[in-house]
Amino acid sequence: MKGLNFTKYKVIAITSGVVALIFFLVVTFEIGANYLFESKLGTTGDYFGGILNPIFGLLSLFALLATIKIQTEELSHSRQELQLTREELVKSTKAQEEQSNSIKIQNFENTFFNMMDVHRAIIDDIRLKKFEAPYFGGVFDKKANLNFLGQNIYIELENKDTEGKDAIKQLLLILKAYMSKTTSKYDRFHDYSEDTIGHYFGFTYQILLFIKEAKDSGQISNPFKYANLFRSQFSKTELSLLAYHCLGSIGSRRFKGLVEEFEFFEHLPFKSIDISIAKQYDEKVFGKNEKWIEALDEK
């Protein structure tokens with residue numbers, strides 16, 4: 001009860017103090033209803049407004065700067081994420097391109113090496129029967145005169161059935177002997193031997209064309225790598241016979257340009273073909289073969 005009474009007296013004292021303060025202000029400063037709501041209140045409001053408005057304005061500026069900073073940080077973060085995304089996209093694109101190029105090269109090489117196998121098989125299947133044309137000098141051993149396509153030619157070979165690279169060597173000997181006795185073009189010899197060697201030349205052309213088309217389409221970047229690998233299969237006899245063939249009516253159309261482009265006779269032994277035959281080619285067909293280049297420059 002004593003605590004309750006003390007609180008009651010405390011409330012009464014505070015209330016009395018507030019009333020006394022209001023009374024003092026009214027009496028001292030003549031504060032009335034008109035004063036509060038008309039003149040002095042407006043001035044007081046302007047006073048506080050003049051103080052608070054700059055403060056609120058400054059706070060608003062700080063808030064704006066903080067917002068801009070936050071947005072800038074978020075934008076910077078977004079740019080970083082975008083840059084990382086772009087880099088990942090570039091890496092992914094590059095990886096896909098490399099994979100695509102790898103697949104293209106793999107597809108090319110699979111076909112190329114299969115064609116090489118077919119080319120070797122074609123050589124193995126070449127057959128040349130012994131000559132039954134009239135000959136002179138008794139028994140046809142390793143030296144004989146042959147009546148070949150209307151020309152008497154002297155050759156050194158063994159008249160027997162041959163196959164593969166031996167058959168090609170036999171044909172080259174006959175061709176050289178024949179062309180040394182006549183001004184006829186290679187075409188007549190080609191017509192004679194087409195059934196024997198035509199498929200071989202045709203497939204050789206297709207392999208070189210395949211390499212060129214792969215280069216032109218961007219499928220491979222180093223065509224000489226494959227052209228040189230293909231050329232490594234050729235014996236000097238094959239290269240010599242090919243040199244004659246590419247100057248004929250059929251070979252000179254497109255075949256000649258391919259062997260020139262790929263420097264296909266770079267390893268052709270010097271003087272294995274007549275210099276008059278070599279002069280009909282662009283010098284680049286002999287690549288870095290100095291002997292052929294010097295001989296052609298002298299002529």
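Keep in mind it's a predicted model, so treat the numbers as computed, not measured.

Considerations on the layout of surface pockets
Then step 1. In this structure, the largest pocket occupies an estimated 210 Å³ of space.
Then step 2. Of the residues contributing to the lining of the largest pocket, the split by class is 4 nonpolar, 6 polar and 3 charged.

Structural notes on the packing of aromatic side chains
Then step 1. Under the defined criterion, the tally for this structure stands at 15 aromatic pairs.
Then step 2. Here the aromatic rings of Phe108 and Phe112 are separated by 5.8 Å at their centres, their planes lie at 10 degrees, and the arrangement is stacked. Residue Phe108 and its partner Phe112 are located together in helix α2 (residues 33-124), separated by 4 residues, close to a single helical turn. Across this residue pair, the class does not change: Phe108 and Phe112 are buried.
Then step 3. In this structure Phe112 comes out as buried when scored by relative accessible area, which is 0%.
Then step 4. Taken together, the ring pairs in this structure connect Phe108, Phe112, Phe113, Phe210 and Tyr226 into an aromatic cluster.

Considering the nonpolar core
Then step 1. Counting 59 residues, the largest nonpolar core has Tyr200, Ile211, Leu242, Val259, Phe264 and Phe265 as the members making the most contacts within it.
Then step 2. Of all the elements, helix α4 (residues 186-216) adds the most residues to this core, at 12 residues.
Then step 3. Those residues within four positions of Phe265 in sequence are excluded, and the remaining contacts are Leu239, Leu242, Ala243, Val259, Tyr281, Val285, Phe286 and Asn289.

Some details on the packing of α4 against helix α5 (residues 223-231)
Then step 1. Their axes nearest at 9 Å, the elements α4 and α5 cross at an angle of 165 degrees. It follows that α4 is roughly antiparallel to α5 by the angle criterion. Considering the relative orientation of α4 and α5, their crossing is right-handed. For the pair α4 and α5, contact is made by Thr204, Ile207, Leu208, Ile211 and Lys215 and by Pro223, Tyr226, Ala227 and Phe230, respectively.
Then step 2. Looking at the contact of α4 with α5, its residues break down into 7 nonpolar, 1 polar and 1 charged.

Regarding unusual backbone geometry
Then step 1. One non-glycine residue, Glu263, lies in the positive phi region at around 50 degrees.
Then step 2. Turning to its location among the elements, Glu263 is positioned in the loop between α7 (255-261) and α8 (275-278).
Then step 3. Classification of Glu263 by relative accessible area gives partly exposed; the value is 25%.
Then step 4. Located in the positive-phi region is Lys271, a residue other than glycine, with phi close to 70 degrees.

So, α5
Then step 1. Turning to α5, its buried residues number three or more, namely Pro223, Tyr226, Ala227, Phe230 and Arg231. All buried residues of α5 project into a common sector of 140 degrees when viewed along the axis, lining one side.

Regarding the pattern of salt bridges
Then step 1. One pass over the structure, following the stated rule, counts 9 salt bridges.
Then step 2. Where Lys215 meets Asp216, a salt bridge forms, and the shortest distance between an N and an O atom there is 3.6 Å.
Then step 3. The salt bridge involving Glu260 is made with Lys256; its shortest N-O contact spans 2.7 Å. One end of the pair is Glu260 and the other is Lys256, both in helix α7 and 4 residues apart, which spans about a single turn.

Considerations on the environment of Phe201
Then step 1. When you line up the elements, Phe201 lands in helix α4.
Then step 2. Phe201 sits 50 residues away from Gly251 along the chain, and the two C-alpha atoms are 8.9 Å apart.
Then step 3. Setting aside anything within four residues of it in sequence, one finds Phe201 in contact with Tyr186, Leu241, Leu242, His245 and Phe255.

Looking at helix α9 (residues 290-298)
Then step 1. Along α9, the residues classified as buried are Trp292, Ile293, Ala295 and Leu296. The arc that holds every buried residue of α9, seen down its axis, measures 165 degrees, which confines them to one face. Exposed and facing more than 90 degrees away from the buried side of α9 are Glu290, Lys291, Asp297 and Glu298.
Then step 2. On its buried side, α9 packs onto α8.

As for the side chain of Thr237
Then step 1. Looking at where Thr237 falls in the secondary structure, it is placed in helix α6 (residues 236-245).
Then step 2. What Thr237 contacts, discounting residues up to four positions off in sequence, is Ile168, Lys169 and Leu172.

Examining a nonpolar patch on the surface
Then step 1. Among the surface-exposed residues, Ile55, Leu58, Leu59, Leu61, Phe62, Leu64, Leu65 and Ile68 lie close enough to one another that they form a single nonpolar patch of about 730 Å² accessible area.
Then step 2. Here Leu61 lies in helix α2.

Topic: the confidence of the model for the protein chain
Then step 1. Averaged over every residue, the pLDDT of the protein chain is 80; the share at 70 or more is 76%.
Then step 2. Scored below 50 in pLDDT, residues 133-139 shows 10 contacts in the model against residues more than four places distant or in partner chains.

Remarks on the environment of Ile250
Then step 1. Here Ile250 is to be found in the loop between α6 and α7.
Then step 2. Separated by 64 residues in sequence, Ile250 and Tyr186 have C-alpha atoms that sit 10.0 Å apart.

Reading the values: the criteria
Residues numbered from 1 in each chain as written. Predicted model: local features only at pLDDT ≥ 70, side-chain atom pairs only at ≥ 80, totals over all residues. Heavy atoms only, no water. 1 Å grid on protein atoms, 1.4 Å probe; cavity = no way out; pocket = protein on both sides within 12 Å on 5 of 7 lines; lining within 4 Å. Points joined across faces, edges and corners; volume = space filled by probe spheres on them. Nonpolar A, V, L, I, M, F, W, Y, C, P; charged D, E, K, R; others polar. Phe/Tyr/Trp six-rings, centres within 6.5 Å; stacked < 30°, edge-to-face > 60°. Helix = DSSP H or I, 4+ residues; strand = E, 2+ residues; numbered from the N terminus. Buried < 20%, exposed > 50% of the residue type's maximum accessible area, 1.4 Å probe, protein only. Core = buried A, V, L, I, M, F, W, Y, C linked by side-chain atoms within 4.5 Å. Contact = heavy atoms within 4.5 Å. Axes fitted to C-alpha atoms, helices over the stretch in contact; angles between N-to-C directions. Parallel < 35°, antiparallel > 145°, perpendicular 65-115°, else oblique. Left-handed = near helix turned anticlockwise from the far one by under 90°. Arc of directions from axis to C-beta. Salt bridge = Lys/Arg side-chain N within 4 Å of Asp/Glu carboxyl O. Patch = residues over 30% accessible without salt bridge, like charges linked within 9 Å, V, L, I, M, F, W, Y side chains within 5 Å. Areas by Shrake-Rupley, 256 points an atom, 1.4 Å probe, with all protein chains shown as cover. pLDDT = per-residue confidence, 0-100.

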